[in-house]
Structures are given as C-alpha cells and as structure tokens.
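Topology and contacts: notes
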Amino acid sequence: MSWETKKLGNILKISTGKYDVNHSVEDGVYPFFTCAMIPFKSNTFSFDDEVILLPGNGANVGEVMYYKGKLEAYQRTYVLHKIEANVRYVYYFLKAFWRITQSNQQYGSATNYIRLDNITELQIPLPSLPIQKRIAEILDAADELKRKDQELLKKYDELAQSIFIDMFGDPVRNEKGWEVKKLDDACIKITDGTHFSPPNQSEGIPYITAKHIKKDFVDFYSKPSYIAQQYHDEIFSRCTPEKGDILYIKDGATTGIAAVNEYDFEFSMLSSLALLKPNKELLNSYYLSFYLNDEIVKQNLIREYMAGAAIKRFTLDKIKNFKIIMPPIKLQNEFEKRWKTLRLNVEILKKFESKELFNSLIQKAFKSELV
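The following paragraphs examine the structure supplied in this document. (Residues numbered from 1 in each chain as written. Predicted model: local features only at pLDDT ≥ 70, side-chain atom pairs only at ≥ 80, totals over all residues. Heavy atoms only, no water.)

Points about the side chain of T34
With respect to the helices, strands and loops of the structure, T34 is situated in the loop between β3 (30-33) and β4 (40-42). Taking the relative accessible area as the measure of exposure, T34 reaches 5% and is therefore buried. If we skip the residues at most four places from it in the chain, T34 touches V21, F40, Y74 and T77. (Helix = DSSP H or I, 4+ residues; strand = E, 2+ residues; numbered from the N terminus. Buried < 20%, exposed > 50% of the residue type's maximum accessible area, 1.4 Å probe, protein only. Contact = heavy atoms within 4.5 Å.)

A word on the pattern of salt bridges
As enumerated under the stated definition, the model contains 19 salt bridges in all. For the salt bridge of E144 with R147, the shortest nitrogen-to-oxygen distance reads 2.4 Å. Of this pair, E144 and R147 both sit in helix α3 (residues 129-168), three residues apart, which is roughly one turn of the helix. Classification of E144 by relative accessible area gives partly exposed; the value is 32%. Connected through salt bridges with shared partners, the residues D192, R238, K250, D251 and R313 form a single ionic network. (Salt bridge = Lys/Arg side-chain N within 4 Å of Asp/Glu carboxyl O.)

Some remarks on the sheet that holds β3
Ordered in space as β2-β7-β5-β6-β3-β4, the six strands form an open sheet in which the pairing is mixed. The sheet is open, and its two borders are formed by β2 (13-16) and β4, each paired with just one other strand. Neighbouring strand axes in the sheet, compared pairwise and without regard to direction, differ in orientation by 55 degrees on average. In this structure, β3 lies alongside strand β6 (residues 65-73), joined through two bridges in parallel fashion. Paired with F32 across the strands is E72, a residue of β6. (Pairing = 2+ DSSP bridges. Axes fitted to C-alpha atoms, helices over the stretch in contact; angles between N-to-C directions.)

So, the sheet that holds strand β11 (residues 205-208)
What holds strands together in a sheet is hydrogen bonding between their backbones, with the strands either parallel or antiparallel. The mixed open sheet is built from three strands, whose spatial order is β14-β11-β17. On the outer flanks of this sheet lie β14 (226-227) and β17 (268-269), each paired with one strand and no other. When β11 meets β14, the two strands line up antiparallel, connected through two bridges. Note on β14: the bridge partner recorded for P206 is Y226.

Remarks on the side chain of N284
Inspection of the secondary structure puts N284 in the loop between β18 (273-278) and α5 (285-293). Residue N284 is classed as buried on the basis of its relative accessible area of 5%. Engagement of the side chain of N284 in a polar contact is seen with the backbone nitrogen of Y286, the distance being 2.8 Å. A polar side-chain atom of N284 sits 2.8 Å from a polar atom in the side chain of N333. Setting aside residues no more than four positions away along its own chain, N284 makes contact with I329, Q332, N333 and E336. (Polar contact = N/O pair within 3.5 Å; in protein donor to acceptor, adjacent residues only side chain to side chain.)

Structural data, given as structure tokens:
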C-alpha cells in the first residue's frame, strides 16, 4: 500500500513561545512548557489547541510531547499546532522518527539546538484520515498498556521494599536492635576486578563491567562483551566471581548499585566492580543486595565513606568497613524466598513485553503494515 507523503511544514503551523524562563509563577493556572519538558505554571496562555511540543535546544532535544488545552511556551520550545491531520497520528510519527532524524541535524557544540527547517522539511506519510485515526487508536491502546505495566512494576518494587521493612525494620535506624557487623567480618572475600582494561572482542570469555549491573541483578546479554582467554586467566587468578556472589559498583556515575550474580559461567570483571563473597552462615546474598540498594542506606554510605571526595568512588578498604545490620540468617533466607516469589511475577510481566509490543507497532504503523 502506497501512502501520500507531505512535508510537516505543509500540514501544520510551527510557532515558538514568546517568554523566557522567568515567566513562570508559583500560583499559575496554565502550564508553561520549556525545553525541560516539565511544565511550570503561568497566568497567561498563548495557545489553546491540540498541540505537539518539541524542545528547540538543550539536553531534551529529540523529546516529543502531546498536550491539549490552554498553554504557554518558552522562546526555544517549538509548538506544532493547527495540524491538518490526526494530531495523535502525527505525534506517534514524531515519537518514532524525530529523535533519529534530529540526531543527524542538530547544531551547536555546547548546547544542541534544532533549526526550524529541520521540522518543516520532514516528510510524513499520510493515509486517509480514517486510517490515521485507527492507527492512532491502536497506538494509544498499546501506549496505555505499556504505562500500566510500568506502574505495576513500580508497585512490585514498593511491595518488595515493604516486605523488607516488615521483616527487618528500617535498615538505618535499626529499631529492631539487630547485631551490626563490618561487611568484612560477614564476607569471606572482598576484592575487585582488573585495573587494566583488556581489549574487547566479539567472542571469548565474558567480561562484566558496571554497564551490566542493574539493581539486584546482572544483565550481561543485553550488551555482551568478551576478552581473550589469556587476559581472563590472569584476572581470574585473583578475582573469582561465582554464582551467588555480589557484584557492587564502586566507582563512576552509578556507584552504589549491588546485584546478585546468578550466572554459572566464568567471567572477568573490571576494577569499577567490587566482588563480595558473603559468609553464607552469616549473610544471605539477596538480603545484602537489597540492603545495599536501599536508597537511604546508599546515601548514608556515600555521606560517611565518600565525604569530600572529588571523584565518586568507594575504595575496597572503605567497603570492607561498611556497617551492616545482621538479622538471623534464617530470617534473611526467608526474605530470599519471598523476594524470589515476587520477582517471578515481575519476570512473567516482563515476558509479556508491552514495551516491545508498542515499539513494534509504532514501526509497523508508518510502513503501512498495521492496517
């Protein structure tokens, strides 16, 4: 099926706001959109329409937002309005292709910005209005499903936190009076990965770095990396991660994230990761991972062991001195069982892949494969 294509500039009007960021007021009644794409408040409005908003410069260049109603806009925010097409259809088209298009066309070294003709010259496929409406309805439904799944995943996170607090109390105040130990006294080994970065290759021995560490789990296969056997042998002679160990990010932007290694295969690690081998008679890995990932615990550790540091980093000596509350191991093991039961539900939800479904549908929609 072949659809007519038109330039965006031929089917809509593009305006920018007329105010700077100082226009916002605390008690305003209308949203005031800036390039941050988080609405502030205004007592005036310049637009009263169904619109699409595009940041004209800054870190959010490439984002797309839909809004219907009265609004005000910043000088560098593009407002697409008076659209001679189904607005939600155009919105989803831009969601699918605008970031890719603009990444090759943005200008400016310090602050990226978009020129007006980048938008006006963009070609959009235009089926009949009934087909545009149907495509928009399908994508609206898929987008809503994705949003609900994300909300449900958030509730699972909140439930896991509630289970942890119910079983162990506040991990910082320790109102239940659990014994406190230094982490080094509850582990049989604490070390880190290689301080030399071996060359990556397309196959070989798995090589795990901070990019693979997510909150409570290791995700190697989404971005796999490998090194040669000779480098692995040297690294593994000192740092021997095994199933059930904790991998802990000790420096860089994501410092403080802990994950349980659930892989059976051998791998090497970079020095940005610490390897924690809990004494299983004293400390359960899933309990420790959850404890270290608690936001208040994390901030306390940063404040106590990283105060004044110019670079965000935990040394091994500081990690060894982390203070950990130590409930009875039987209770920690019970937490692992309850956490794994909860996580099974999360994994079932993720397998439904509503986000992947939405991304697939949005790509098919503009190849005339959806209707």
